[in-house]
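The lines below spell out each chain.
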Amino acid sequence: MNPLRVVSSVAIIAFAVVWTIVVLAAEEQWQVGAALAVAAVAIVAVSRMKAGAELASLLTDSGSWVVWTIPVAVVAIAVAIHEDHFQLMMLASVLIYGLACIGLTIQFGYAGVINFAGAAFFGVGGYTAAVMGSTGVPSLLILLAGGFMAALIGSIIILPVLRTQGHYAALITIAFGLLFRSFLEVNPALGGPQGLKVEGASVAGHSLLNGITFGSFEASFYLNYVLLALAAFTLFFLLARNLEKSWIGLNLDAVREDTVGASVFGINVAGWRIFAFVVGNFLIGVAGALFAMMQNFIAPSNFTFSDSLLMLSIIVLGGIGNLWAVLPAAILVVVFPEKLQGIGEYRILVFAILVVLFLRFRLAGLFPRAIRQFRREVGQ
Amino acid sequence: MAIFFEFVFNGAVLGIMYALVAVGFTLFFGVLDVIKFSHGDVLTLGAFSGLIAFLALQLVGLDLPFLGLIFVLLVACLVTGAIGAGIGQLFVIPMRNSSAFNILLMTLMIGTVIRESIRLFYPNGANPKAFPSLLPKTPIELGGVFLRLDSLILLALGFAVVFLTHWLIRHTKLGLAIRAVAQDGDTAQAMGIPFRRTVLATFALGSLLAGIAGVMHGIYYSEINFSVGLLLGIIGFSAAVVGGLGSIWGAIIGGFTFAALQTLWVVVFPDASGYRDVFAFAAIIIAMTIFPTGIIAERYSERV
């Protein structure tokens with residue numbers, strides 16, 4: 001491997017880390033605006049320069065070790081802002097939404113199964129955490145239970161989705177998203193429109209509400225949630241990346257690109273669609289449960305159709321099917337509306353316009369997914 | 001028995017509104033094979049522009065009972081027709097060869113832009129707005145059944161619009177062009193039919209139907225809300241799908257089916273009327289599972 005190539009890639013990642021710290025810690029509006037402008041220039045420059053292409057190929061083609069950059073980078077960011085509750089909470093939110101978007105990427109980016117009910121499955125995970133929180137079940141099991149519930153409900157919804165195509169399949173997920181929300185609002189057992197309180201997480205008997213102290217290092221308790229979300233994100237990111245690279249990913253690509261062609265080659269189209277939808281919903285459910293534990297409180301208004309669209313915005317803006325793009329796009333969609341107070345109210349409007357423009361003029365997103373290199377994979 | 005007829009009547013008013021929205025979806029799908037999901041929010045826009053037209057009339061000091069309604073409807077039709085054609089020209093026609101998902105997501109986002117713009121830029125737009133009662137609400141008694149006069153007029157208006165649309169499609173030159181494009185766009189072009197203009201006219205036609213439905217919705221419920229379009233759009237789309245996309249009568253049957261389902265739920269389970277929408281959406285999902293391309297199956301040979 002060319003050492004120069006590694007150096008330039010490390011430099012870009014280091015720059016991204018510093019940039020994220022600046023954005024999270026920015027207090028003034030002009031700082032946020034400047035950060036946005038720098039990011040725009042940097043993205044254009046990097047995608048034009050050779051270094052950008054090399055970073056992209058490094059991230060996609062290297063072995064699994066390259067995933068370690070995520071925990072290293074996030075821990076560096078978290079340590080830099082370890083005292084501020086709000087900044088850490090936003091970092092954790094980015095990771096949680098990123099996790100949900102890995103699920104959406106498996107569904108839509110890989111297998112081409114449309115899911116307009118992302119927020120509903122996120123909500124299924126969240127409400128599972130709320131209901132199970134007081135029973136004394138360990139938090140990590142609750143996270144898995146949230147994922148299983150979302151996967152279970154998803155495996156019911158997949159039946160009509162499989163029987164239908166295109167617009168009709170989209171209608172089913174949209175109808176489910178709306179059904180879920182109106183069900184929660186009229187159902188008194190789950191708190192109705194007021195919502196439910198959720199027990200915070202505790203790992204191995206230690207409540208995450210106690211911040212880490214380490215000599216003179218005293219961190220906000222949100223650092224614990226960042227670490228928990230980071231662990232979940234990294235684990236599932238690694239799994240999703242390996243999935244993409246394996247024969248399973250190849251099958252999913254075939255199913256997405258040409259259904260008839262895939263089935264002619266003996267690929268079980270329905271089976272792979274079910275697989276992608278269920279696995280994706282599992283990840284979304286885990287993310288929802290984690291979100292609920294961190295927020296300590298959930299209500300139906302957290303899981304609206306607009307939220308589903310916001311999640312889809314993340315994968316469309318980042319680049320459909322590109323796992324690495326989920327993180328920068330999640331920062332853009334989750335952090336900036338909170339930071340730019342001026343657009344807080346307008347955020348859905350702004351992202352809707354952005355997504356419309358991207359779909360119209362730059363379909364591949366900010367960081368397009370790399371084309372699969374068969375020669376290299378066979379040669380390894 | 002009298003109560004039963006009142007339920008049927010109210011269900012019919014709902015049904016005709018759903019049908020108007022569904023006809024729009026069917027027209028768009030007929031000519032261009034696309035689903036334009038901003039349709040529901042165009043409806044909201046129609047209702048709000050009708051409201052603004054009424055307020056403008058009041059400001060001038062004109063208070064005409066029937067002419068007022070016609071003016072409000074005209075403004076709503078103009079605005080929604082122009083917006084519908086504009087969305088078609090700028091976004092849908094250039095994208096018509098990309099995947100169904102992209103068009104769907106894009107039009108959903110355009111709808112979101114309209115919805116959020118109303119919420120943010122209309123004064124106090126996040127709260128429901130009172131809609132003027134442009135029609136007399138006099139109750140009428142027909143053999144022990146009490147009906148509201150305005151609902152009766154709305155129902156008649158809705159049917160008139162539907163029949164007019166059907167006449168337009170069947171018996172005018174524009175209608176012939178629309179049917180030709182729906183059957184085969186390329187051949188229609190080869191025969192000298194202006195493709196783009198016909199498609200835009202169809203978009204304008206379908207969207208102004210939504211504008212009329214929006215004003216009707218406002219009059220019927222006496223209030224409008226920025227988010228009403230999302231739900232009505234989905235209901236209208238479901239109705240069009242259940243009736244089989246591409247067929248006008250299918251869309252109308254679908255609209256009435258949906259209204260009947262909702263009304264039936266309220267009649268049978270009056271205590272659980274909050275679950276009305278839950279039931280209706282569950283019914284759609286189940287109906288789609290059993291009939292994947294609509295109860296009246298999609299016809300490829302003849303559309304619109």
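As a reminder, the structure under discussion sits directly above these lines.
Residues numbered from 1 in each chain as written. Chains lettered and ligands numbered in written order. Predicted model: local features only at pLDDT ≥ 70, side-chain atom pairs only at ≥ 80, totals over all residues.

Chemist: Explain the overall build of chain B to me, please; I cannot follow it from the model alone.
Modeler: Secondary structure assignment for chain B yields 11 helices and 4 strands. Taken against the 2.2 N^0.38 rule, which gives 19 Å for 304 residues, the C-alpha radius of gyration of chain B at 19 Å falls within 12% of a compact globule. Seen through its principal axes, chain B has C-alpha atoms that stretch 60 × 50 × 40 Å. Intrachain contacts of chain B at a sequence separation of at least 6 include 77% that bridge at least 24 residues. (Helix = DSSP H or I, 4+ residues; strand = E, 2+ residues; numbered from the N terminus. Rg over C-alpha atoms; globule rule 2.2 N^0.38 Å. Contact = placed C-beta atoms within 7 Å.)

Chemist: What is the right way to look at the overall build of chain A in this model?
Modeler: On a plain count of helices and strands, chain A comes out with 17 helices and 6 strands. A compact globule built from 380 residues would reach a C-alpha radius of gyration of about 21 Å, and chain A, at 20 Å, matches this within 12%. In terms of principal-axis extent, the alpha carbons of chain A reach across some 60 × 55 × 40 Å. Evaluated residue by residue, chain A yields a buried proportion of 48% over its 380 residues. (Buried ≥ 20, exposed ≤ 12 C-beta atoms within 10 Å, placed from the backbone.)

Chemist: I would appreciate a short explanation of the pairing of strand 3 (residues 145-148) of chain B in the present structure.
Modeler: All names here are of chain B. Relative to strand 3, strand 2 (residues 139-142) runs antiparallel, the two being bridged by 4 bridges. Within strand 3, the position partnered with Glu 141 by the bridge is Phe 146. Connecting strand 2 to the next strand, strand 3, in antiparallel fashion are 2 residues, including Gly 143 with a positive phi near 55°. (Pairing = 2+ DSSP bridges.)

Chemist: I would appreciate a short explanation of the interface of chain A and chain B in the present structure.
Modeler: Note on interface size: it is often stated as the accessible area lost on association of the parts. Opposite the 35 residues of chain A that make contact, chain B presents 34 residues. Those elements that provide at least two residues to the side of chain A that touches chain B are helix 7 (139-163), helix 8 (166-186), helix 13 (305-318) and helix 16 (347-361) of chain A. Ranked by the residues each element gives to the side of chain A that touches chain B, the list is headed by helix 8 of chain A, at 14 residues. Per-class residue counts for the side of chain A that touches chain B are 27 nonpolar, 5 polar and 3 charged. (Nonpolar A, V, L, I, M, F, W, Y, C, P; charged D, E, K, R; others polar.)

Chemist: What is the right way to look at the packing of helix 1 (residues 2-32) of chain B against helix 9 (residues 228-242) of chain B in this model?
Modeler: Axis angle and axis distance: for two packed helices, these are the angle between their axes and the distance between the axes, and together they describe the pair. Residue and element names in this part refer to chain B. Between helix 1 and helix 9, the shortest axis-to-axis distance is 8 Å and the interhelical angle comes to 70°. Taken together, the axes of helix 1 and helix 9 lie roughly perpendicular to each other. Crossing geometry of helix 1 relative to helix 9 is assigned as right-handed. Of the residues in helix 9, those touching helix 1 at Tyr 18, Ala 19, Val 21, Ala 22, Gly 24, Phe 25 and Thr 26 are Leu 232, Gly 233, Ile 235, Gly 236, Phe 237, Ala 239 and Ala 240. Counted by class, the contact of helix 1 with helix 9 contains 10 nonpolar, 4 polar and no charged residues. (Axes fitted to C-alpha atoms, helices over the stretch in contact; angles between N-to-C directions. Parallel < 35°, antiparallel > 145°, perpendicular 65-115°, else oblique. Left-handed = near helix turned anticlockwise from the far one by under 90°.)

Chemist: Sorry if this is basic, but what is going on with helix 6 (residues 173-183) of chain B here?
Modeler: An α-helical turn contains 3.6 residues, so any two residues separated by three or four positions project in the same direction. Residue and element names in this part refer to chain B. Three or more residues of helix 6 are buried, namely Ala 177, Ile 178, Val 181 and Ala 182. Buried positions in helix 6, seen along its axis, are confined to an arc of 135° and lie on one side of it. Turning to helix 6, the residues buried within the fold contact helix 1, helix 5 (149-171), helix 7 (185-190) and helix 8 (195-221). (Arc of directions from axis to C-beta.)

Chemist: Would you mind showing me how to read the environment of Leu 152 of chain B here?
Modeler: All names here are of chain B. Inspection of the secondary structure assignment puts Leu 152 in helix 5. Separated by 64 residues in the primary sequence, Leu 152 and Met 216 have C-alpha atoms spaced 11 Å apart. Beyond its immediate stretch of four places on either side in the chain, Leu 152 contacts Ile 140 and Leu 147.

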